[in-house]
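Letter by letter, the chains look like this.
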Amino acid sequence: MTAAQTATADKAASAPATSHVEMANAVRFLSADAVQKANSGHPGLPMGMADVATVLFSRFLKFDPGAPDWVDRDRFVLSAGHGSMLLYSLLYLTGYEDMTLDQLKDFRQLGSMTAGHPEYGHAPGIETTTGPLGQGLANAVGMALAERLLNARFGDDVVDHYTYALAGDGCLMEGISHEAISLAGHLRLNRLIVLWDDNGICIDGPTEMTVGDDQQARFKASGWNVAAIDGHDPEAFATVLAAARNAEQPTMIACKTVIGFGAPNKQGTAATHGAPLGDEEISAAREKLGWAHPPFHVPETVLTAWRAAGGRGRAAREAWEGRMAAFDDVRRDEFDRMVAGELATGWQEALNAHKRKCAEERPAWATRKASGEALSVLTQALPELIGGSADLTGSVNTKTPSTAPVTADNFAQRYLHYGVREHGMGAVMNGIALHGGFIPYGGTFLVFVDYMRGAMRLSALMGQRVVYVLTHDSIGLGEDGPTHQAVETLAMLRATPNFNVFRPCDAVETAECWALALTNVNGPSGLVLTRQGVPGMRTEHTDQNLSARGAYVLAEAEGGEHVATLLATGSEVSVAMAARDILQADGMPTAVVSMPCWELFDAEDETYRKLVLGPGTVRVAVEAGVRMGWDKYIRNHGDFVGMTGFGASAPGGQLFEHFGITADAVAAVVVNRLNRLQEFTQGED
């Protein structure tokens with residue numbers, strides 16, 4: 001411990017009841033007591049960062065527990081989510097109504113708000129779900145970016161707040177941190193302030209056994225303002241934080257702390273990182289820090305001081321409401337609409353007109369181009385759409401005439417060049433969505449889902465409306481070969497709860513899938529799109545969104561008893577249609593079902609699902625991916641035509657022939673199945 005840290009601990013017993021020390025100790029011991037009661041958790045970070053958090057929440061953070069969703073509040077992100085009791089303690093102390101003392105006592109218990117890691121939606125004041133390290137830091141970049149984007153549209157009187165992120169050593173070790181801090185520095189997001197808990201300890205022990213990076217130099221190299229302080233010197237931190245709020249760059253403050261501060265035998269060691277301190281050590285810490293109170297007890301004077309700190313923001317919030325009341329009616333209505341997540345009027349009519357044109361003209365576009373064409377319509381109609389790509393703009397078709405690039409000097413625009421930062425892009429989009437005001441979409445190749453999987457999973461877990469544009473979806477991309485041919489990725493995405501995977505077959509379905517992604521307010525969507533051109537399958541226009549039920553009969557069986565049903569998605573729908581022509585010509589009435597979204601189809605009632613799947617018929621599924629997941633549809637007398645391993649490097653058309661994903665192959669599988677079924681039936685007779 002430094003001399004200042006020793007002095008802080010030594011004066012704790014004699015400090016005034018409402019001093020900084022007493023307020024910080026309330027955070028320390030509520031956190032340690034909750035971890036001890038749960039016999040599970042991470043007491044070290046809350047005890048070490050209590051001084052920093054107390055200064056931030058009692059003097060600087062703009063918030064109002066009485067109006068926790070106030071749009072112009074500052075955002076606080078606990079990126080080091082394992083230290084969740086720090087946040088829960090602060091929410092209780094500052095007066096968030098739902099965060100009661102009983103909730104702290106139920107830490108990590110089934111049904112409580114106080115989960116092991118902060119979970120968005122569990123309680124007001126939790127701005128994002130954290131725990132996977134580095135994600136919160138990147139979310140904070142997205143929130144700070146959204147603040148600047150909204151400010152550029154509505155001005156300082158309406159949007160004028162900061163985003164603070166508390167990051168640990170592990171957050172900065174994760175690769176996503178580099179992507180996030182690089183982007184934030186490039187865009188000069190000066191309303192973003194990162195507080196690094198520089199305690200030098202990870203689960204395995206001292207961080208020096210793992211990492212030797214000069215983190216301060218790293219942030220400076222990325223265009224950040226950097227400061228370093230003793231994390232147990234509240235006045236030093238307050239001085240640096242005040243300066244950071246006026247910086248022209250994002251700021252990282254390195255807070256040198258002692259993990260588990262106050263635990264006399266364990267502080268400064270990995271023993272405080274991820275396990276309860278133990279009754280004896282907590283008792284010794286109480287004696288050392290002069291906290292002569294039983295578990296979960298906060299003296300009235302201390303609680304009163306904390307509640308007063310929580311009430312600081314009420315006047316600012318009321319003043320903001322006054323400014324909003326005086327705001328121009330049209331602009332206020334637009335602001336309210338955007339932050340509520342409501343789509344602008346007229347977009348559906350514009351998209352239906354586009355659908356009609358596609359049905360009439362039957363363009364043989366790649367669905368990535370069809371997506372770009374739909375986006376041109378949507379971005380013109382919906383100013384809340386914020387697009388981007390991971391350095392693949394020309395390939396994924398995410399930029400439109402309505403979306404000029406966002407730069408550090410111009411946040412009034414709507415397109416983000418994320419660079420080769422897929423993981424960062426996903427997490428930043430989560431932050432934009434969480435902040436409110438915009439609907440983010442971003443594009444890359446389907447195979448690069450592997451790079452941003454962590455962020456996509458959190459989109460689903462938090463139920464955020466984020467749209468992932470995922471092109472070059474199969475062996476159809478051709479010569480780039482198996483490194484880029486994502487044969488297994490569809491199955492992985494479909495296995496993710498609360499994630500809608502759309503694989504449209506043509507321009508009409510692509511437009512419909514975009515409509516469904518934008519109206520899904522409870523979760524993310526992935527639009528899986530081809531590199532190669534595909535023929536138009538939908539030739540008759542209807543304003544009805546046929547893709548909304550997930551699957552539908554595209555072509556009915558004709559000329560007799562329905563004997564076979566072909567199920568397909570994306571580019572393979574045209575393969576199935578060609579196979580149907582062969583089978584129909586040979587006297588085998590066959591239906592084709594397009595299945596653009598399994599998740600929506602599975603949510604339909606059983607009667608509809610049975611009707612679409614063709615009860616009593618041979619079912620063959622066709623998809624240029626692995627079989628996993630298809631068996632629930634093809635069942636007993638079905639089969640699958642697709643990939644059984646990785647692809648190869650060759651022109652796409654040759655690869656479909658090579659791997660047997662052709663109309664002739666599909667028709668042959670159906671004939672074989674029908675023959676076997678006939679033999680089985682005759683054998684029973």
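Summary of the structure given here. (Residues numbered from 1 in each chain as written. Predicted model: local features only at pLDDT ≥ 70, side-chain atom pairs only at ≥ 80, totals over all residues. Heavy atoms only, no water.)

## A look at the overall build of the protein chain
Next up, step 1: Across its full length, the protein chain holds 27 helices and 18 strands.
Next up, step 2: The C-alpha radius of gyration computed for the protein chain amounts to 29 Å, which stays within 12% of the reference 26 Å derived for 685 residues, consistent with globular compactness.
Next up, step 3: Its C-alpha atoms give the protein chain principal-axis dimensions of about 95 × 60 × 45 Å.
Next up, step 4: Counting every position in the protein chain, which comprises 685 residues, the buried fraction comes to 62%.
Next up, step 5: For the protein chain, the share of sequence-separated contacts (at least 6 apart) that also reach a separation of at least 24 residues comes to 78%.
Next up, step 6: Surface accessibility of the protein chain: about 25,100 Å² in total, with carbon and sulfur atoms responsible for 48%.
Next up, step 7: Each charge sign in the protein chain was given a centre, from 54 positive and 81 negative side chains, and these centres are 2 Å apart. (Helix = DSSP H or I, 4+ residues; strand = E, 2+ residues; numbered from the N terminus. Rg over C-alpha atoms; globule rule 2.2 N^0.38 Å. Buried < 20%, exposed > 50% of the residue type's maximum accessible area, 1.4 Å probe, protein only. Contact = heavy atoms within 4.5 Å. Areas by Shrake-Rupley, 256 points an atom, 1.4 Å probe, with all protein chains shown as cover. Lys, Arg positive; Asp, Glu negative; His and termini not counted. Charge placed at Lys NZ, Arg CZ, Asp CG, Glu CD.)

## Concerning the pattern of salt bridges
Next up, step 1: Under the definition given, this model contains 30 salt bridges.
Next up, step 2: Within the structure, one salt-bridge network assembled from shared partners comprises D473, R494, R503, E572 and E623. (Salt bridge = Lys/Arg side-chain N within 4 Å of Asp/Glu carboxyl O.)

## Observations regarding the packing of helix α18 (residues 422-435) against helix α19 (residues 449-462)
Next up, step 1: Where α18 contacts α19, the two axes come as close as 6 Å, and the packing angle between them is 20°. Between α18 and α19, the angle falls in the class roughly parallel. Note on packing geometry: the crossing formed by α18 with α19 is left-handed. Packed against α18, whose contacting residues are E422, H423, M425, G426, A427, N430 and L434, the element α19 presents Y451, M452, G454, A455, L458, S459 and M462 at the interface. (Axes fitted to C-alpha atoms, helices over the stretch in contact; angles between N-to-C directions. Parallel < 35°, antiparallel > 145°, perpendicular 65-115°, else oblique. Left-handed = near helix turned anticlockwise from the far one by under 90°.)

## A look at unusual backbone geometry
Next up, step 1: Unlike most non-glycine residues, F296 shows phi in positive territory, near 65°.
Next up, step 2: Within the secondary structure, F296 sits in the loop between α11 (279-289) and α12 (300-310).
Next up, step 3: The backbone of D391 shows a phi angle near 65°, a positive value even though the residue is not glycine.
Next up, step 4: Its place among the elements puts D391 in the loop between β8 (385-389) and α17 (393-396).
Next up, step 5: Looking at D391, the relative accessible area reads 55%, which means it is exposed.

## Things to note about helix α16 (residues 367-381)
Think of an α-helix as turning once every 3.6 residues; residues three or four places apart then point the same way.
Next up, step 1: Look at α16: 21 Å from first C-alpha to last across 15 residues, which is about the 21 Å you get at 1.5 Å a residue.
Next up, step 2: Burial in α16 covers these residues: T367, R368, A370, S371, G372, A374, L375, V377, L378 and T379. (Expected span 1.5 Å × (residues − 1).)

## What about the sheet that holds strand β14 (residues 552-555)?
Next up, step 1: In spatial order, the strands read β14-β16-β15-β17-β18; together these five strands make up an open sheet with mixed pairing. Lying at the two open borders of the sheet, with one neighbouring strand each, are β14 and β18 (638-642). Between one strand and the next, the sheet's axes are offset by a mean angle of 30°, whatever the strand orientation.
Next up, step 2: The sheet contact formed by strand β15 (residues 564-568) and strand β16 (residues 590-594) spans five bridges and is parallel. Note that in β16 the partner of T565 across the bridge is A591. (Pairing = 2+ DSSP bridges.)

## Describing the sheet that holds strand β12 (residues 500-502)
Next up, step 1: A sheet is described by the order of its strands in space; here six strands give the open sequence β9-β8-β10-β11-β13-β12, paired in parallel fashion. Looking along the sheet, the strands with just one partner apiece sit at the ends: β9 (415-417) and β12. Each adjacent strand pair in this sheet contributes to an overall mean axis angle of 20°, direction not counted.
Next up, step 2: Here strand β11 (residues 467-471) runs beside strand β13 (residues 525-528); their pairing, made up of four bridges, is parallel. Residue pairing across strands places V467 opposite S525, the latter belonging to β13.
Next up, step 3: Along the sheet, α19 contacts β10 (439-445) and β11; its crossing angle with β11, the most-contacted strand, is approximately 155°.

## Some words on the packing of aromatic side chains
Next up, step 1: Per the counting criterion, the structure on display carries 20 aromatic pairs.
Next up, step 2: Between the aromatic rings of F29 and W291, the centroid separation amounts to 5.9 Å while the plane-to-plane angle is 5°, which identifies the pairing as stacked. Of this pair, F29 sits in helix α2 (residues 20-38) while W291 is found in the loop between α11 and α12, placing the two residues 262 residues apart along the sequence.
Next up, step 3: Under the relative-accessibility criterion, F29 is labelled buried at 1%. (Phe/Tyr/Trp six-rings, centres within 6.5 Å; stacked < 30°, edge-to-face > 60°.)

## Thoughts on the environment of G550
Next up, step 1: Within the element layout of this structure, G550 appears in the loop between β13 and β14.
Next up, step 2: When the C-alpha atoms of G550 and R312 are compared, they prove to be 50 Å apart, with 238 residues separating the residues in sequence.
Next up, step 3: When residues no more than four places from it in sequence are discounted, the contact partners of G550 are S594, M595, P596, C597, L600 and F601.

## Remarks on the environment of H541
Next up, step 1: Its location among the elements puts H541 in the loop between β13 and β14.
Next up, step 2: Residue H541 is classed as partly exposed on the basis of its relative accessible area, which comes to 24%.
Next up, step 3: Taking the C-alpha atoms as reference, H541 lies 8.4 Å from K357; in sequence the two are 184 residues apart.
Next up, step 4: With residues up to four places along the chain from it excluded, the contact list for H541 reads N352, K355, R356 and A359.
Next up, step 5: Polar side-chain contacts of H541 include one of 3.4 Å to the backbone nitrogen of R356.
Next up, step 6: A polar atom in the side chain of H541 sits 2.8 Å from the side chain of D543. (Polar contact = N/O pair within 3.5 Å; in protein donor to acceptor, adjacent residues only side chain to side chain.)

## A short note on a negative patch on the surface
Next up, step 1: Residues D328, D333, D336 and E342 make up a contiguous surface patch of negative charge.
Next up, step 2: Within the secondary structure, E342 is located in the loop between α14 (329-340) and α15 (347-361). (Patch = residues over 30% accessible without salt bridge, like charges linked within 9 Å, V, L, I, M, F, W, Y side chains within 5 Å.)

## Comments concerning the side chain of S89
Next up, step 1: Topologically, S89 is positioned in helix α4 (residues 84-94).
Next up, step 2: Judged by relative accessible area, which is 0%, S89 ranks as buried.
Next up, step 3: Side-chain polar atoms of S89 contact the backbone oxygen of M85, separated by 2.8 Å.
Next up, step 4: Those residues within four positions of S89 in sequence are excluded, and the remaining contacts are V27, L30, S31 and L104.

## Some thoughts on the side chain of H354
Next up, step 1: Summarising the element assignment, H354 is placed in helix α15.
Next up, step 2: When its relative accessible area of 10% is taken as the criterion, H354 is described as buried.
Next up, step 3: Each residue touching H354, except ones within four places of it in the same chain, is listed here: W365, E373, A374, V377 and A511.

## Section: the pairing of β8
Next up, step 1: Here β8 lies mainly inside the structure; five of its five residues are buried.
Next up, step 2: Residue alternation in β8 divides its side chains into two sets, L385, G387 and S389 and I386 and G388, and both sets are buried.
Next up, step 3: Pairing between β8 and β9: three bridges, direction parallel. Residue pairing in the sheet places G388 in a bridge with L416 of β9.

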